[in-house]
Amino acid sequence: MEFDELQKIWDSQNQQAMYRINEDALHNRIHTKKQKASRITAISEGLLIGVNAGAGCFVLALAGSKSGSTLFMNLLAGWMLVTAVAVLVSRIRRLRRENRFDRSLFGELDHAIAMATYQVRLSQLMRWNNLPIALLVVSGVWSGGQSLYLALALVVFFILVNFATGWEHRFYIARKLELETLQKKLQQG
């Protein structure tokens, strides 16, 4: 067989030109990535709001029931409640901005990148949020007359939390870079 005959057979079998991108499959993949990021973000926000509000109320109730409650525990409760409100406000703003993206291939990709950027920023902010929480917890334990070993154990715990949140943050950065790389490839043609 000649090359031209092979080419005709190839083209007639799959009805697609060689080296053509399957736009429907790519669009579905981008939509799936966006939906996954949206789910993870919603779960993260829900957990952050629930845990911070719940822990803040618990610490506030605990500090209120004790006559010798420390200033650090009251500050911790306030900080956690403010964090919960800040994440809630951030979630509301994010949800309002979601309608500005169209449902085309590039619109879905832009939306997925915006969602990944939001995840990276939220993750970074919550990593930094661990520092004041750790300082307030350790200071509250220390000023409350608790054991030095408990304070040291809490320091070790918060160091481990920092490593775990660093791993999570790097995961979100990698997902964002993957989407940005795809966007650059598509823009280059």
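Our subject is the structure listed above.
Keep in mind it's a predicted model, so treat the numbers as computed, not measured.

> Help me understand the packing of helix 3 (residues 71-97) against helix 4 (residues 105-143) in this model?
Running from amino to carboxyl end, helix 3 crosses helix 4 at an angle of 170 degrees, the nearest separation of the two axes being 9 Å. As far as their axial angle goes, helix 4 and helix 3 are roughly antiparallel. The segment helix 3 lies against helix 4, with Phe-72, Met-73, Leu-75, Leu-76, Trp-79, Met-80, Thr-83, Val-87, Ser-90, Arg-91, Arg-94 and Arg-97 engaging Met-115, Tyr-118, Met-126, Asn-129, Pro-132, Ile-133, Leu-136, Val-137, Ser-139, Gly-140, Val-141 and Ser-143. Along the lines of polarity and charge, the residues of the contact of helix 3 with helix 4 split into 15 nonpolar, six polar and three charged.

> Looking at this structure, I do not really get the pattern of salt bridges. What am I missing?
Close approach of charged atoms allows side chains with opposite charge to pair. Enumeration over the complete set of coordinates arrives at seven salt bridges. Of the charged contacts in the structure, one is a salt bridge between Glu-178 and Arg-29, with a shortest N-O distance of 3.7 Å. With Glu-178 in helix 5 (residues 148-188) and Arg-29 in helix 2 (residues 23-65), the pair connects residues that are 149 residues apart, well separated along the chain. The salt bridge involving Arg-91 is made with Glu-45; its shortest N-O contact spans 2.6 Å.

> Can you walk me through the environment of Gly-56 in this structure?
The topology assignment puts Gly-56 in helix 2. Assessed through its relative accessible area of 0%, Gly-56 is described here as buried. Taking the C-alpha atoms as reference points, Gly-56 and Met-73, 17 residues apart in sequence, are found 9.4 Å from one another. If we skip the residues at most four places from it in the chain, Gly-56 touches Val-51, Ala-77, Met-80 and Leu-81.

Rules behind the numbers
Residues numbered from 1 in each chain as written. Predicted model: local features only at pLDDT ≥ 70, side-chain atom pairs only at ≥ 80, totals over all residues. Heavy atoms only, no water. Axes fitted to C-alpha atoms, helices over the stretch in contact; angles between N-to-C directions. Helix = DSSP H or I, 4+ residues; strand = E, 2+ residues; numbered from the N terminus. Parallel < 35°, antiparallel > 145°, perpendicular 65-115°, else oblique. Contact = heavy atoms within 4.5 Å. Nonpolar A, V, L, I, M, F, W, Y, C, P; charged D, E, K, R; others polar. Salt bridge = Lys/Arg side-chain N within 4 Å of Asp/Glu carboxyl O. Buried < 20%, exposed > 50% of the residue type's maximum accessible area, 1.4 Å probe, protein only.

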